[in-house]
Amino acid sequence: MKFFIKLLSCFVLITFGLIYSTGGFAVSDSVNIGLQIIPECSPHGDINNDGYVDIVDFSILLYFWGQTNPSNPCADINRDGIVDIIDFSIMLYWWS
Ligand SMILES: [Ca+2]
Ligand SMILES: [Ca+2]
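Residues numbered from 1 in each chain as written. Chains lettered and ligands numbered in written order. Predicted model: local features only at pLDDT ≥ 70, side-chain atom pairs only at ≥ 80, totals over all residues.

(A) Main features of the overall build of the chain. Of regular secondary structure, the chain possesses 3 helices and 0 strands. Taken over 96 residues, the chain has a buried fraction of 15%. Relative to all contacts within the chain whose residues are 6 or more apart in sequence, the contacts with residues 24 or more apart total 36%. (Helix = DSSP H or I, 4+ residues; strand = E, 2+ residues; numbered from the N terminus. Buried ≥ 20, exposed ≤ 12 C-beta atoms within 10 Å, placed from the backbone. Contact = placed C-beta atoms within 7 Å.)

(B) Up close: the packing of helix α2 (residues 55–63) against helix α3 (residues 85–93). It is at 11 Å that the axes of α2 and α3 come closest, and there the two elements cross at 180°. If you check the angle between α2 and α3, you find them roughly antiparallel. Together, Asp57, Phe58 and Leu61 of α2 and Asp87, Phe88 and Met91 of α3 make up the contact between the two elements. Partitioned by chemical class, the residues of the contact of α2 with α3 number 4 nonpolar, no polar and 2 charged. (Axes fitted to C-alpha atoms, helices over the stretch in contact; angles between N-to-C directions. Parallel < 35°, antiparallel > 145°, perpendicular 65-115°, else oblique. Nonpolar A, V, L, I, M, F, W, Y, C, P; charged D, E, K, R; others polar.)

(C) Main features of the environment of Ile60. Summarising the element assignment, Ile60 is placed in helix α2. Spatially, the C-alpha atom of Ile60 lies 9.5 Å from that of Cys74, the residues being 14 residues apart in sequence. The contact partners of Ile60, leaving out residues within four places of it in the chain, are Ile47, Asn48, Asn72 and Ala75.

(D) Up close: unusual backbone geometry. Positioned with a positive phi, Asn49 is a non-glycine residue whose angle comes to about 60°. Within the element layout of this structure, Asn49 appears in the loop between α1 (2–21) and α2. One non-glycine residue, Arg79, lies in the positive phi region at around 60°. Tracing the backbone shows Arg79 in the loop between α2 and α3.

This is how it looks when you write it as structure tokens:
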């Protein structure tokens, strides 16, 4: 899946680069493309995706504690929009 997303983003960039370099756009000289790649996150609290739920994941959780829509979306383990005690309880359940 990650490979497909990278391949797709490369295709989009190359395509727009070719169109732009050949003067394909008549309306504007610049094109802004917003592309957000959402990483695959473990539903068990393995935030750094190393195969273990441990103190490293806990430290990451604490860093984003209380934040809504954190910059690391994997810190919001249950995907309810906030990093809080529910995410911590899920992490503790899967602690390895
Ligand atoms: Ca981990
Ligand atoms: Ca949450």
